[in-house]
Amino acid sequence: MPIDLVTQLAGAAIRACGLCLIAFVGLFLFRVRSSAARHAIWTVALAGMLLQIPLGMVAPAVQWKVLPASIQQQIVERAPLSIPAVPTPRPARPTAAAPGRRSVRSSAVTLSGIFTGIYLAISMLLFVRMALGSWGLRRILRDSKPVPTLGPGIFESA
């Protein structure tokens, strides 16, 4: 079963917004003033937001109880129609292209594919930025020197 990335991202975004709303309302209702408690709550909310997609792929899907197609068809057939039936127009037949002209074909690019490509490109850029930042931080830590006059665990870099 293929996974529709845009649908999954939209669902994860909605769940993440709900999680943030719960965190915000909880902080507001309980009047939490401690910066450490606020930081802890928002850290948990961020972790929950980041785990939306991996957990969505691993966790079992929620099964909704849906009537079988035969029962749905019976319900639709028994429902009284108050709108008069309008004949459906037949689709036009594709005409052959004139000699020397190329026929116009529909593009295989969909809006969902465009959004998926944009999302993946931005994700890769952010990943590269994070990797370069981590590399720079490791270089700064490697080149730093301890400052014994300020205490243990205090380092200084150029």
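None of the values given here were measured: they were computed from a predicted structure.

Calculation rules
Residues numbered from 1 in each chain as written. Predicted model: local features only at pLDDT ≥ 70, side-chain atom pairs only at ≥ 80, totals over all residues. Heavy atoms only, no water. Helix = DSSP H or I, 4+ residues; strand = E, 2+ residues; numbered from the N terminus. Buried < 20%, exposed > 50% of the residue type's maximum accessible area, 1.4 Å probe, protein only. Contact = heavy atoms within 4.5 Å. Expected span 1.5 Å × (residues − 1). Patch = residues over 30% accessible without salt bridge, like charges linked within 9 Å, V, L, I, M, F, W, Y side chains within 5 Å. Areas by Shrake-Rupley, 256 points an atom, 1.4 Å probe, with all protein chains shown as cover. Salt bridge = Lys/Arg side-chain N within 4 Å of Asp/Glu carboxyl O. pLDDT = per-residue confidence, 0-100. Axes fitted to C-alpha atoms, helices over the stretch in contact; angles between N-to-C directions. Parallel < 35°, antiparallel > 145°, perpendicular 65-115°, else oblique. Left-handed = near helix turned anticlockwise from the far one by under 90°. Nonpolar A, V, L, I, M, F, W, Y, C, P; charged D, E, K, R; others polar.

**So, the overall build of the chain**
Item 1. Broken down by element type, the chain carries five helices and two strands.
Item 2. Counting from the amino terminus, helix and strand elements in the chain follow one another as α-α-α-α-α-β-β.
Item 3. Burial status across the chain gives 9% buried among its 158 residues.
Item 4. Long-range contacts, defined as pairs at least 24 residues apart, comprise 47% of the intrachain contacts of the chain with a sequence gap of at least 6.

**Topic: helix H1 (residues 5-29)**
Since one α-helical turn is 3.6 residues long, residues separated by three or four positions face the same way.
Item 1. The end-to-end C-alpha distance of H1 is 36 Å, a good match for the 36 Å that 25 residues give at a rise of 1.5 Å each.
Item 2. For H1, the elements touching its buried residues are helix H2 (35-50), helix H3 (52-58) and helix H5 (111-143).
Item 3. Downstream of H1 by a residue or two, Arg31 has a phi angle that is positive, lying close to 50 degrees.

**Notes on the environment of Ile154**
Item 1. You can see Ile154 is positioned in the loop between strand S1 (145-146) and strand S2 (155-156).
Item 2. Under the relative-accessibility criterion, Ile154 is labelled partly exposed at 35%.
Item 3. For the pair formed by Ile154 and Ser144, sequence separation is 10 residues and the distance between their alpha carbons is 9.7 Å.
Item 4. Dropping the residues within four chain positions of it, Ile154 is found in contact with Lys145, Pro146 and Val147.

**Structural notes on the environment of Leu19**
Item 1. Within the secondary structure, Leu19 is located in helix H1.
Item 2. Classification of Leu19 as partly exposed rests on a relative accessible area of 28%.
Item 3. Spatially, the C-alpha atom of Leu19 lies 7.5 Å from that of Met49, the residues being 30 residues apart in sequence.
Item 4. Look past the residues within four positions of Leu19 in its chain and what remains in contact with it is Ala45, Gly48 and Met49.

**Quick look at a nonpolar patch on the surface**
Item 1. Residues Leu21, Phe24, Val25, Phe28, Leu29, Phe30 and Trp42 make up a contiguous nonpolar surface patch of about 810 Å² in total accessible area.
Item 2. Here the nonpolar patch gets five residues from one element, more than from any other, and that element is H1.
Item 3. Note on placement: Trp42 falls in helix H2.
Item 4. With relative accessibility at 33%, the residue Trp42 sits in the partly exposed group.

**Details of the confidence of the model for the chain**
Caution applies to low-pLDDT regions: their predicted coordinates should not be interpreted in detail.
Item 1. Looking at the chain, pLDDT values average 79 and 71% of them are 70 or higher.
Item 2. The weakest mean pLDDT in the chain belongs to helix H4 (residues 69-78) at 61; the strongest belongs to H2 at 92.

**Describing the packing of H1 against H2**
Item 1. Taken N-terminus to C-terminus, the directions of H1 and H2 make an angle of 170 degrees; their axes are 9 Å apart at the nearest point. The pairing of H1 with H2 is recorded here as roughly antiparallel in orientation. When you trace H1 past H2, the crossing you get is right-handed. Two secondary-structure elements touch here, H1 through Ala16, Leu19, Cys20, Ala23, Phe24 and Leu27 and H2 through Arg38, Ile41, Trp42, Ala45, Gly48 and Met49.
Item 2. Classifying every residue of the contact of H1 with H2 gives 10 nonpolar, one polar and one charged.

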